[in-house]
4 protein chains.
Amino acid sequence: MGIQDEIRATRDVVCRLHAELIRWELVVWTAGNVSQRVASEGPSADLFVIKPSGVRYDELTPESMVVCDLEGNLVEGDRSPSSDTAAHAYVYRHMPTVGGVVHTHSTYATAWAARGEEIPCVLTMMADEFGGPVPVGPFAVIGDDSIGRGIVETLRDSRSKAVLMANHGPFTIGKDGTAAVKAAAMVEEVARVVHISMQLGTPLPIADHLIDSLHDRYQNVYGQGSTS
Amino acid sequence: MGIQDEIRATRDVVCRLHAELIRWELVVWTAGNVSQRVASEGPSADLFVIKPSGVRYDELTPESMVVCDLEGNLVEGDRSPSSDTAAHAYVYRHMPTVGGVVHTHSTYATAWAARGEEIPCVLTMMADEFGGPVPVGPFAVIGDDSIGRGIVETLRDSRSKAVLMANHGPFTIGKDGTAAVKAAAMVEEVARVVHISMQLGTPLPIADHLIDSLHDRYQNVYGQGSTS
Amino acid sequence: MGIQDEIRATRDVVCRLHAELIRWELVVWTAGNVSQRVASEGPSADLFVIKPSGVRYDELTPESMVVCDLEGNLVEGDRSPSSDTAAHAYVYRHMPTVGGVVHTHSTYATAWAARGEEIPCVLTMMADEFGGPVPVGPFAVIGDDSIGRGIVETLRDSRSKAVLMANHGPFTIGKDGTAAVKAAAMVEEVARVVHISMQLGTPLPIADHLIDSLHDRYQNVYGQGSTS
Amino acid sequence: MGIQDEIRATRDVVCRLHAELIRWELVVWTAGNVSQRVASEGPSADLFVIKPSGVRYDELTPESMVVCDLEGNLVEGDRSPSSDTAAHAYVYRHMPTVGGVVHTHSTYATAWAARGEEIPCVLTMMADEFGGPVPVGPFAVIGDDSIGRGIVETLRDSRSKAVLMANHGPFTIGKDGTAAVKAAAMVEEVARVVHISMQLGTPLPIADHLIDSLHDRYQNVYGQGSTS
């Protein structure tokens, strides 16, 4: 595919993935955004596609998506990019294997983020998907690189694909946009289940070596030759 | 547009916005109502359009909406106006920049209202949208101006576009009906997230100067040249 | 209308009202049932229409509804009547102004029922709809008149149209099936809001004379000349 | 029916039942699976149909379902069977009257499972459906027979058709796939109601002899000559 075909295909995917945020009830009104690298398999472009700022989900089309370079500058599109674009760009610049980024204010994950408390790994599905607790990132104000830097510094040495930015909400990463959206759906689900479990007592711990073996199996065996 | 065209356009908008109350699960059965000024941009009319009383949401049409003057008197329409019309009218009379008003009994916001407790500003999305805590208004009985007066006195000197009327539920305002519905969706979401966060501990505070700067940026930069 | 026309019209209404139980998320799988008197306005028939037993909601049709007399005997229909038919019949026999009965296991109302605890009247919408607390009825086993008797004895001297049968779930009544379904939706909503409010503290009380005046206004003024 | 017709019919049923998991909000993303024996009424085949691994629910078709023997080996199908296939196969080998098995990570049931706490029988609908508390099974790691053995050892001597596997989630059984899916929907519902009830106090107990009589009536009388 030429670069224009790759951009067009990525616009389609990113548009469709925003509908998944609604479908799994991860966003309200215009909140939340998904991005994906263009040609994430090759070196042909340092570009990504992201949602325009402040547009309702039911008005999103592939054409309304915007294309940015890895500094977050608008390269193609009629609208301003999402106000979280700088954070997405920072992640792509510093984590070359990441092909998709998602940000939501999903209810239970944001409730943990408001307390600045990591989600303990007490579910086999958490061990599968996140390989341990879901960590907390620093409080950071929008407008410079501090959100992006907080995400990268928290996730760089973690098996988790999700970080709870303090007082703010979750950011998730993946090999592509689909994997990052799956992580966004899963972090909300484990945030909800562990919250509910802790309301009436203390969940049973899972030993570290069992978390390791569950995570290893899931990442390498599950699915049709793919972890997404 | 002539005044009849403006009324017709406003009926369409107000009808469609009631469907948003259902879509974001802010109302049950016939509860809740949206209004919007006619010709809110100009002095040509002191009128607003509101839902008729006690009609099911799936039976609402643009034609069934009713038109009232700013005293809450019925000007045009076959049905009685919403029983909350006096409160909407009071707000329009006393807050000339308000072009839309919404009332719901949305679950979490009403739960805070029942305790008469303001929602503390511990989320960046609260700072963005409300610029601080969501305040509580007085207990007021339907039938005279006391609900409208309670709303206006609470919101007049606040950055919040939402007030929790004690034992009753939220009222929200905006430059038009869409902005007021967005505020109704957002106040329910922040009421839910902060409630859930507080069930297992104490949320981290956000410093006042950071709330100020988040609010300022969101109101002036976010979206496509518009805060709605 | 002749009696056969009245039966046909009532089958349509009762079938459609079961879809409302699903729409407001009041039932899971085959649980829950709605009934309505035939010719509730006149003395021409002592009959009511109710759901057949154990049939999935998406398989219900007007034709599959069954007709019973006020002893609960099957009068018309190919299937067994709901296993709660005896309770519905008892209510119709002993409360002549009741034209509709609904039973669900809706989540929050059933949670209050499991503790045998009435829902305190701390919301204006509760004062409007129920005129006070929602009372608890006795524990009663299916199979004789004890459920019906518990409903009637609890509601006979109450303004509430809903009763929480201990360890079981809510039953609601109304002048017709629609009013009883509305009460079923509202009792779940107030059960949810008051529950959530009490999780983080104590709701503010509403004085008895204010509850009285709210209830009086709502029953006599609200809606288009009708309280349903 | 010949064996190929039976397999085709079972593929249809199992595909349709996965849509029920979504409809009742029992699963997120690709989690969860349903299986059903082929020709469960006769001895003609020791086979069952199950979901392929890691496929999205909206991409499932009857043709994409896979057929396994009772050792869990793939007999027919283009894709790998669900990673939980060994557990389903173990149940079919050791419980000859079981014709359907379901596994989910449904929210409230999994929250109880994370604490390793059985759900006490304090609702008439629990007595009806489960005949007592919903028991907890051992912590077991995927990859050998330990999950299947944990299910069978817990359910063999219980009236419950659901088991909460510790830190993992519920497994349910039934005479066919439909009955097992109903049990999955009901275990989530009772997990939710009892959880909510216990948040504000202690549910009233139901005496053992009353649980027995409720269960007996429901299993033998309810429905149209069938307990499913």
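Residues numbered from 1 in each chain as written. Chains lettered and ligands numbered in written order. Predicted model: local features only at pLDDT ≥ 70, side-chain atom pairs only at ≥ 80, totals over all residues. Heavy atoms only, no water.

If you check an unreviewed UniProt entry, chain A appears there as L-ribulose-5-phosphate 4-epimerase from Mobilicoccus caccae.

> What am I meant to see in the overall build of chain A here?
Looking only at helices and strands, chain A has seven helices and eight strands in total. On C-alpha atoms alone, chain A measures out to a radius of gyration of 17 Å, which is about the 17 Å that the 2.2 N^0.38 rule sets for 228 residues. Its C-alpha atoms give chain A principal-axis dimensions of roughly 50 × 35 × 30 Å. Here chain A holds 228 residues, and 62% of them are scored as buried. Intrachain contacts of chain A at a sequence separation of at least 6 include 65% that bridge at least 24 residues. Of the roughly 8100 Å² of accessible surface on chain A, a fraction of 48% belongs to carbon and sulfur atoms. A gap of 2 Å separates the mean positions of the 18 positive and 29 negative side-chain charges of chain A. (Helix = DSSP H or I, 4+ residues; strand = E, 2+ residues; numbered from the N terminus. Rg over C-alpha atoms; globule rule 2.2 N^0.38 Å. Buried < 20%, exposed > 50% of the residue type's maximum accessible area, 1.4 Å probe, protein only. Contact = heavy atoms within 4.5 Å. Areas by Shrake-Rupley, 256 points an atom, 1.4 Å probe, with all protein chains shown as cover. Lys, Arg positive; Asp, Glu negative; His and termini not counted. Charge placed at Lys NZ, Arg CZ, Asp CG, Glu CD.)

> Where do I start with the sheet that holds strand β8 (residues 169-174) of chain D in this structure?
The strands making up a sheet associate through hydrogen bonds between their backbones, and the pairing can be parallel or antiparallel. Residue and element names in this part refer to chain D. With mixed pairing, the eight strands of this open sheet are ordered in space as β4-β3-β2-β1-β5-β8-β7-β6. Each edge of the sheet is formed by a strand with only one pairing partner; in this case those strands are β4 (74-76) and β6 (136-137). In terms of strand pairing, strand β7 (residues 162-165) meets β8 through four bridges, oriented antiparallel. Note on β8: the bridge partner recorded for Leu164 is Pro170. (Pairing = 2+ DSSP bridges.)

> Explain the relation of the copies chain C and chain D here, please?
Copy one and copy two of the chain differ by a rotation about a common axis and a shift along it. Of the transformation placing chain C onto chain D, the axial shift is 0.0 Å and the rotation is 90 degrees, giving an RMSD of 0.0 Å. Read as a symmetry element, the transformation amounts to a four-fold axis. Residues of chain C ranked by C-alpha distance from the rotation axis are headed by Gln199 of chain C, positioned 5.3 Å from it. In this assembly the copies use different faces: only 3% of the residues contributing to the interface of chain C also contribute to that of chain D. (Least-squares fit on C-alpha atoms with pLDDT ≥ 70 in both.)

> Looking at this model, I keep getting lost on the environment of Glu76 of chain C. Mind explaining?
Residue and element names in this part refer to chain C. Within the secondary structure layout, Glu76 lies in strand β4 (residues 74-76). Classification of Glu76 by relative accessible area gives partly exposed; the value is 26%. Note: C-alpha distance between Glu76 and Val66 (ten residues apart in sequence) is 5.9 Å. When neighbours within four sequence positions are excluded, Glu76 is seen to be in contact with Gln4, Ile7, Arg11, Val66 and Val67. Side chain to side chain, Glu76 and Arg11 meet in a polar contact 2.9 Å long. (Polar contact = N/O pair within 3.5 Å; in protein donor to acceptor, adjacent residues only side chain to side chain.)

> Which parts of the structure should I look at to understand the side chain of Glu188 of chain D?
Residues and elements named next belong to chain D. Mapped onto the elements, Glu188 comes out in helix α6 (residues 177-199). Within the buried core, Glu188 has no salt-bridge partner, and the shortest N-O distance to an opposite charge, that of Arg192, equals 4.0 Å. Glu188 has contacts with Leu26, Ser106, Thr107, Tyr108 and Ala109, leaving out every residue within four places of it along the chain. (Salt bridge = Lys/Arg side-chain N within 4 Å of Asp/Glu carboxyl O.)

> Mind showing me how you'd approach the pairing of strand β2 (residues 47-50) of chain D here?
Consecutive residues of a regular strand have side chains that alternate between opposite faces of the sheet. Residue and element names in this part refer to chain D. What you see with β2 is no split at all: Leu47 and Val49 on one side and Phe48 and Ile50 on the other are buried throughout. Pairing between strand β1 (residues 33-37) and β2: three bridges, direction antiparallel. By the bridge assignment, Gln36 is partnered in β2 with Val49. The pairing of β2 with strand β3 (residues 66-69) spans four bridges and is classified as antiparallel. Across the sheet, the residue bridging to Phe48 is Cys68, located in β3.

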